[in-house]
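Secondary and tertiary structure notes
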Amino acid sequence: MKKLFALLLTLAMVLSLAACGGSTGDSGNSGSSGGSTPPASTGGSGASDSSGGDAETSNWPQSAVTLTVSAGAGGGTDICARILLERLSDFGNFVVQNDTDGGGAVGWERVKAGDPETCSEVIFYNTGLYVSYVTGLTDIHPTEELVPVVCLPTGASQYICVPKDSPFDTIQDLVDYAKEHPGELQCGVELGSLSHVYVGLCAKNLGIDWTYVSTGSDNDRITLLMGNNIDVTTINQATAQNYYDSGDIKVLAAEQGRSEILGEKMAAVPTLEEAGFDKVDVNTELIVWAPAGAGDATYTAIFDAFKAAIDDEGTQAKLQESGAEYYCPFNSWKECYDNSVKNLQTITETCQTLGLC
């Protein structure tokens, strides 16, 4: 009995040590040395991805697939999802469902709890999910409890916008006023979102302080801007260009850089660097998240479908016509996963610098 007890005790200690060693934590998924270890490796068929090997053939999609868009209808993310929807129809039945309940958290929970064997619902959203996680608006880990399978970086910029009758005609006008009246300007922002990161870094780079006013999406902020309910905000390129061309707002500067698909009026807007300031070094990516636990073959099928849709000439033409600019520079879903892990770390550090977490 003593020998049996000793044996059981030893076995328990070994299992306990193994469990502790297997925990990576938030920062353990570094892609700098051979790539990250996605949580998908614990489930599914175990087949290798499209980068090589004898991968099994996935039967995804087995049924209709819902793209849960955690953004309002008519915004840049929603527009891109609906453009991709046309090309995705070649692979099966896809539908778009806008779900902003709880800041998007309701939809994220639903996808997280989804069946990894079918992946019949995926998230189509942007890097704002990282901000929501880092700032505590959701406790769903975006690279452990969900799997970022597709990443679509944008070549577009965010733009600093003011009402059409604003006294500011240049970004320097705004800076000069803000320095003389610290905290007076009302800056519209979706608190705890990616836009919060943009305007926070923007204020830091401009060397000014403004007061944050809680708003909704880009479309909500445009409405508030045109109603003179806020003094300044940051808006995505496609939305800003539409309202700038119609004369409903003023656009003072591009926060990141200049896109190649801008209209003549928008192309004349200076970048922050051209105006003598540092650019905002955070950009937007559209990302497709699937439930954790599926096999490589399923994730590869999802990646291949979205890559084919985004690479299609017709898709690119419609995206550019809408003022959007997205592409997929990666060769596999695992490359997208590694990229997402690195971006999550960058946004975490940025939010810490801004005091958002």
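The paragraphs below set out a description of the structure included in this document. Because the structure is a prediction, the values reported are computed rather than measured.

Let's talk about the overall build of the protein
- When its secondary structure is counted, the protein shows twelve helices and ten strands.
- Looking at the protein as a whole, 50% of its 357 residues qualify as buried.
- Considering only residue pairs separated by 6 or more positions, the protein has 76% of its internal contacts joining residues 24 or more positions apart.
- When the accessible surface of the protein is totalled, it reaches about 15700 Å², and 49% of it is carbon and sulfur.

Concerning the sheet that holds strand β2 (residues 94–98)
- The strand order β2-β1-β3-β10-β4 describes an open sheet built from five strands, whose pairing is mixed. Among the strands making up the open sheet, the edge pair consists of β2 and β4 (146–153). On average, each strand axis in the sheet is tilted by 25° relative to the strand beside it, whichever way the strands run.
- Where strand β1 (residues 65–69) and strand β3 (residues 121–126) come together, four bridges link them in parallel fashion. When the bridges of β3 are listed, T68 appears paired with I123.
- Along the sheet, helix α3 (residues 105–112) makes contact with β1, β2, β3, β4 and β10 (285–291), crossing β3 at roughly 140°.
- Against the sheet, helix α12 (residues 333–354) makes contact with β4 and β10, and its axis sits at roughly 90° relative to β4, the strand it touches most.

Side note on the packing of aromatic side chains
- A complete count under the given rule lists six aromatic pairs for this structure.
- Between the aromatic rings of W108 and Y125, the centroid separation amounts to 5.9 Å while the plane-to-plane angle is 40°, which identifies the pairing as tilted. Of this pair, W108 sits in helix α3 while Y125 sits in strand β3, placing them 17 residues apart in sequence.
- It is K265 that lies over the ring of Y244; its NZ or CZ is 4.4 Å from the centre.

With respect to the pattern of salt bridges
- Throughout the structure, instances matching the rule amount to twelve salt bridges.
- Among the salt bridges present, the one from D99 reaches R110, with a minimum N-O distance of 3.1 Å. With D99 in the loop between β2 and α3 and R110 in helix α3, this pair connects stretches of sequence that are eleven residues apart.
- Judged by its relative accessible area of 30%, R110 is partly exposed.
- We note a salt bridge from E145 to K112, for which the minimum N-O separation is 3.0 Å. In this pair, E145 sits in the loop between α4 (128–134) and β4 while K112 sits in helix α3, placing the two residues 33 residues apart along the sequence.
- The partly exposed category is assigned to K112, whose relative accessible area is 31%.

With respect to unusual backbone geometry
- P61 follows W60 through a cis peptide bond whose omega is 0°.
- Considering the arrangement of structural elements, one finds P61 in the loop between α1 (2–21) and β1.
- Phi angles above zero are rare outside glycine, and C119 is one such case at about 45°.
- Position of C119 among the secondary structure elements: in the loop between α3 and β3.
- With relative accessibility at 0%, the residue C119 sits in the buried group.
- Residue N228 is not a glycine yet carries a positive backbone phi of 60°.
- Along the chain, N228 turns up in the loop between α7 (218–226) and β8 (232–236).
- Residue classification places N228 among the partly exposed positions, given a relative accessible area of 44%.

With respect to the sheet that holds strand β5 (residues 158–163)
- Pairing is mixed in the open sheet, where five strands are placed in the order β7-β6-β8-β5-β9. Each end of this open sheet is capped by a strand with a single partner; those strands are β7 (211–214) and β9 (249–254). Taken over all neighbouring pairs, the strand axes of this sheet differ in orientation by 35° on average, direction set aside.
- Sheet analysis places β5 next to β8, joined by four bridges and oriented antiparallel. Across the sheet, C161 pairs through a bridge with T233, a residue of β8.
- The sheet strands contacting helix α8 (residues 237–245) are β5, β8 and β9, and the helix crosses β8 at an angle near 110°.

Conventions and cut-offs
- Residues numbered from 1 in each chain as written.
- Predicted model: local features only at pLDDT ≥ 70, side-chain atom pairs only at ≥ 80, totals over all residues.
- Heavy atoms only, no water.
- Helix = DSSP H or I, 4+ residues; strand = E, 2+ residues; numbered from the N terminus.
- Buried < 20%, exposed > 50% of the residue type's maximum accessible area, 1.4 Å probe, protein only.
- Contact = heavy atoms within 4.5 Å.
- Areas by Shrake-Rupley, 256 points an atom, 1.4 Å probe, with all protein chains shown as cover.
- Pairing = 2+ DSSP bridges.
- Axes fitted to C-alpha atoms, helices over the stretch in contact; angles between N-to-C directions.
- Phe/Tyr/Trp six-rings, centres within 6.5 Å; stacked < 30°, edge-to-face > 60°.
- Lys NZ or Arg CZ within 6 Å of the ring centre and 35° of its normal.
- Salt bridge = Lys/Arg side-chain N within 4 Å of Asp/Glu carboxyl O.

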